[in-house]
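Here is what each chain is made of, one letter per residue.
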Amino acid sequence: SQQGEEDPQALSIQEGENATMNCSYKTSINNLQWYRQNSGRGLVHLILIRSNEREKHSGRLRVTLDTSKKSSSLLITASRAADTASYFCATDATGANNLFFGTGTRLTVIP
Amino acid sequence: GAVVSQHPSWVICKSGTSVKIECRSLDFQATTMFWYRQFPKQSLMLMATSNEGSKATYEQGVEKDKFLINHASLTLSTLTVTSAHPEDSSFYICSALDRPGNQPQHFGDGTRLSIL
C-alpha cells in the first residue's frame, strides 16, 4: 500500500496552544498536500508543498517537508475551537494525478 | 472558484438496489475526476480515476462491475453502486482536477450511503 502514516492518531489541546501533526510516506513524491475534514464532510485543501521546497507558511499554518526522511509536519499555531477536525496529508508522484492519503490525525481543540 | 458539487449527500436504500452518485464541477471543466471511499474514522482510499470520454481506471481490489463509473462530460462523473449490500455502506467522496497534474484536487462534500 502506498498510504502514508500520520501521528498522532488523535490530539487534544487547549485553545491557544499549538498543534503539530506528522506525516510519513513511502515513495518519491511530486507534491505533498495537507487537507482538513470536518466530521461527515468533504475535504478542504489547506496547503501544498512541492518536493523541492522545505518549508511553507499560510496564515497560522506552517508545513515542513524532509524528502530524505520522507516526512512532513503541519503546525497550527494559536489554535481555535473551530480548528477541531481531522487532518490528512496526501502525496502525488511525478506523472501521476491521483493522491495517496495518510491515516489522518483527529484534532480536538478545547475552548 | 473550483467548486465541486456532489449529490445526493445522504442516501438510504434497500439491499439489492442500485444507487447513483453524481459529482459535478460547477465552475470549471474537470478532465479528471476521482472517487474515494472512506470508512468511519479511517482515511480515504482511492477507488478509481475517471477521465472524460474514456474508461475509468480502477484501483486494485475495486470491482469495476460493482462500482460503475461514467464520465460523459467535462463537468459530470457518476458512480453507480450496483446491487448494493450492507457492506457497501460507506462515505463516498469525489474530487476533480481542472488540468492534468494541476494539484490540488477539489473535493465534493461526500455522499453517505447506508444500505439496509
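Check the entry above for the structure.
Residues numbered from 1 in each chain as written. Chains lettered and ligands numbered in written order. Predicted model: local features only at pLDDT ≥ 70, side-chain atom pairs only at ≥ 80, totals over all residues. Heavy atoms only, no water.

A. Inspection of the packing of aromatic side chains at higher detail. Residue and element names in this part refer to chain A. Across all of its chains, the model carries seven aromatic pairs over all chains by this definition. Pairing Tyr35 with Phe101 gives two aromatic rings, centres 5.8 Å apart and planes at 50°, and the pair type is tilted. Residue Tyr35 is found in strand β4 (residues 31-37), and its partner Phe101 is found in strand β10 (residues 100-101); the two are separated by 66 residues along the sequence. Given the relative accessible area of 0%, Tyr35 is considered buried. The exposure class of Phe101 is buried, given its relative accessible area of 1%. (Phe/Tyr/Trp six-rings, centres within 6.5 Å; stacked < 30°, edge-to-face > 60°. Helix = DSSP H or I, 4+ residues; strand = E, 2+ residues; numbered from the N terminus. Buried < 20%, exposed > 50% of the residue type's maximum accessible area, 1.4 Å probe, protein only.)

B. Region of interest: the pairing of strand β8 (residues 71-76) of chain A. Residue and element names in this part refer to chain A. The element β8 is largely enclosed, with a buried count of five among its six residues. With six bridges connecting them, strand β3 (residues 19-24) and β8 associate as antiparallel partners. Residue pairing across strands places Asn22 opposite Ser73, the latter belonging to β8. Relative to β8, strand β7 (residues 61-66) is paired through six bridges, and the arrangement is antiparallel. Along β8, the bridge assignment pairs Leu65 with Ser72. (Pairing = 2+ DSSP bridges.)

C. Seen up close, the state of the cysteines. Residue and element names in this part refer to chain B. In total, this model carries two disulfides over all chains according to the counting rule given. With a sulfur-sulfur separation of 2.0 Å, Cys23 is cross-linked through a disulfide to Cys94. Since a negative S-S torsion denotes a left-handed disulfide, the Cys23-Cys94 link at about 80° is right-handed. Residue Cys23 is found in strand β3 (residues 19-25), and its partner Cys94 is found in strand β9 (residues 90-97); the two are separated by 71 residues along the sequence. Taken as a pair, Cys23 and Cys94 share a single burial class, namely buried. Looking at Cys13, it has no disulfide partner, and the nearest cysteine sulfur is the one in Cys94, 18 Å off. (Disulfide = S-S within 2.5 Å.)

D. Seen up close, the interface of chain B and chain A. The interface of chain B with chain A comprises 24 residues on the first partner and 20 residues on the second. Where chain B abuts chain A, roughly 1600 Å² becomes buried across the two surfaces, and 54% of that area is made up of carbon and sulfur atoms. Considering only the surface of chain B that becomes buried against chain A, Ser43(B), Gln103(B) and Phe107(B) emerge as the three largest contributors, covering 30% of it. Across the contact surface, chain B and chain A share one salt bridge. Notably, a salt bridge pairs Arg41(A) with Asp109(B), separated by 2.7 Å at the nearest N-O pair. Our count for the chain B to chain A interface comes out at six residue pairs in polar contact (both at pLDDT 80 or more). Broken down by secondary-structure element, the contributors of at least two residues to the side of chain B that touches chain A are β4 (32-38), β5 (44-51) and β9 of chain B. When the residues that make up the side of chain B that touches chain A are grouped by side-chain class, the tally is 11 nonpolar, nine polar and four charged. (Contact = heavy atoms within 4.5 Å. Buried area = accessible area lost by both parts, 1.4 Å probe. Salt bridge = Lys/Arg side-chain N within 4 Å of Asp/Glu carboxyl O. Polar contact = N/O pair within 3.5 Å; in protein donor to acceptor, adjacent residues only side chain to side chain. Nonpolar A, V, L, I, M, F, W, Y, C, P; charged D, E, K, R; others polar.)

E. Looking closely at the side chain of Gln103(B). For Gln103(B), the location among the structural elements is in the loop between β9 and β10 (106-107). When its relative accessible area of 9% is taken as the criterion, Gln103(B) is described as buried. Within the local environment of Gln103(B), its side chain forms a polar contact with the side chain of Gln33(A), the two groups lying 3.1 Å apart. Engagement of the side chain of Gln103(B) in a polar contact is seen with the backbone nitrogen of Gln105(B), the distance being 3.4 Å. With sequence-adjacent residues up to four places away left out, Gln103(B) is seen in contact with Asn31(A), Gln33(A), Leu48(A), Asp92(A), Asn97(A), Leu99(A) and Leu97(B).

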